[in-house]
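Listed here are the chains, written in short residue letters.
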Amino acid sequence: MKQQLVERELTSEGPRRGEATGKKRRSVTVNLGESPIAWLHSRGHIDARLFDAGEALRSDYERAQLSANVTMRWDAVRIKSTGDTGLSGTEKQVAAKHRFDGALNLAGKGLEDILWRVVCAGEGLPEAEKTLGWPARSGKLVLKLALDRVADYYRIT
């Protein structure tokens, strides 16, 4: 993963009692290249098996090119494949889409939305919880359950 370190300035307001309102400023370094799932793994919130399952799901999402496109694609059409699998680019894309759909189906109805938001779209857990209308700090537990099912699908031990 490529690091993209950026300095951000945070302000935190003090207590709002009378005229004693003060703002404290501090600077933090944020890695924009770190995905939410990599952040959870690096801080020990999810184990290597769940991290690998999330990375496999994200890889299939990107291979299947399921993210929104801004414009029309003008890539040249390839007739022969140079890969060792013998599949063309379109066949690899279809296979990745099939694996992605299978993983989400195994995860289940209520878990596919948190998987997509955090693993594929790169949305942080607090934002995903807020968007889904879940209580604070409940997303990590649900994400672990979903990633466990995805790890079973990809046969990650």
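Residues numbered from 1 in each chain as written. Predicted model: local features only at pLDDT ≥ 70, side-chain atom pairs only at ≥ 80, totals over all residues. Heavy atoms only, no water.

Observations concerning the packing of aromatic side chains
To keep it simple, the criterion reads: Stacked, edge-to-face and tilted labels apply to pairs of Phe, Tyr and Trp rings (six-membered ring for Trp) whose centres lie within 6.5 Å, assigned for plane angles under 30 degrees, over 60, and everything in between, in that order.
Tallied over the full model, the rule gives 2 aromatic pairs. Centre to centre, the rings of Tyr153 and Tyr154 are 5.2 Å apart; their planes meet at 80°, and the pair counts as edge-to-face.

Concerning the packing of helix α2 (residues 48-63) against helix α6 (residues 139-153)
The line we're drawing: Axis definition: a line fitted to C-alpha atoms, over the contacting stretch in the case of helices. Angles run 0 to 180 degrees between N-to-C directions. Secondary structure elements are taken from DSSP: a helix is a run of H or I of four residues or more, a strand is a run of E of two residues or more, and numbering for both begins at the N terminus. Should an angle lie under 35 degrees it is considered roughly parallel, over 145 roughly antiparallel, and from 65 to 115 roughly perpendicular; all remaining angles are considered oblique. Throughout, a contact is declared for two residues whenever any of their heavy atoms are within 4.5 Å.
Across the interface, α2 lies against α6 with an axial gap of 8 Å and an inter-helix angle of 75°. Taken together, α2 and α6 sit at an angle that is classed as roughly perpendicular. Packed against α2, whose contacting residues are Arg49, Leu50, Ala53, Gly54 and Leu57, the element α6 presents Lys144, Leu147, Asp148, Val150, Ala151 and Asp152 at the interface.

Focus on the environment of Trp134
Position of Trp134 relative to the elements: it lies in the loop between α5 (125-132) and α6. Apart from the residues within four sequence positions on either side, Trp134 is in contact with Gly110, Ile114, Glu129, Gly139 and Val142.

A closer look at the pattern of salt bridges
The following threshold applies: Put simply, a salt bridge is a Lys or Arg side-chain nitrogen that is within 4 Å of an Asp or Glu carboxyl oxygen. Note on exposure labels: buried denotes an accessible area under 20% of the residue type's maximum, exposed denotes more than 50%, and partly exposed covers the range between, all computed with a 1.4 Å probe on protein chains only.
Throughout the structure, instances matching the rule amount to 8 salt bridges. Its salt-bridge partner being Asp152, residue Arg49 comes within 2.5 Å of it at the nearest N-O pair. One end of the pair, Arg49, is in helix α2; the other, Asp152, is in helix α6, and 103 residues separate them in sequence. By relative accessible area, Arg49 is classed as partly exposed at 21%. Accessibility expressed as a relative area gives 45% for Asp152, which makes it partly exposed. A salt bridge links Arg58 to Glu55, with the shortest nitrogen-to-oxygen separation between them at 2.6 Å. Linking Arg58 with Glu55, this pair stays in helix α2, spanning 3 residues, or about one helical turn. Taking the relative accessible area as the measure of exposure, Arg58 reaches 22% and is therefore partly exposed.

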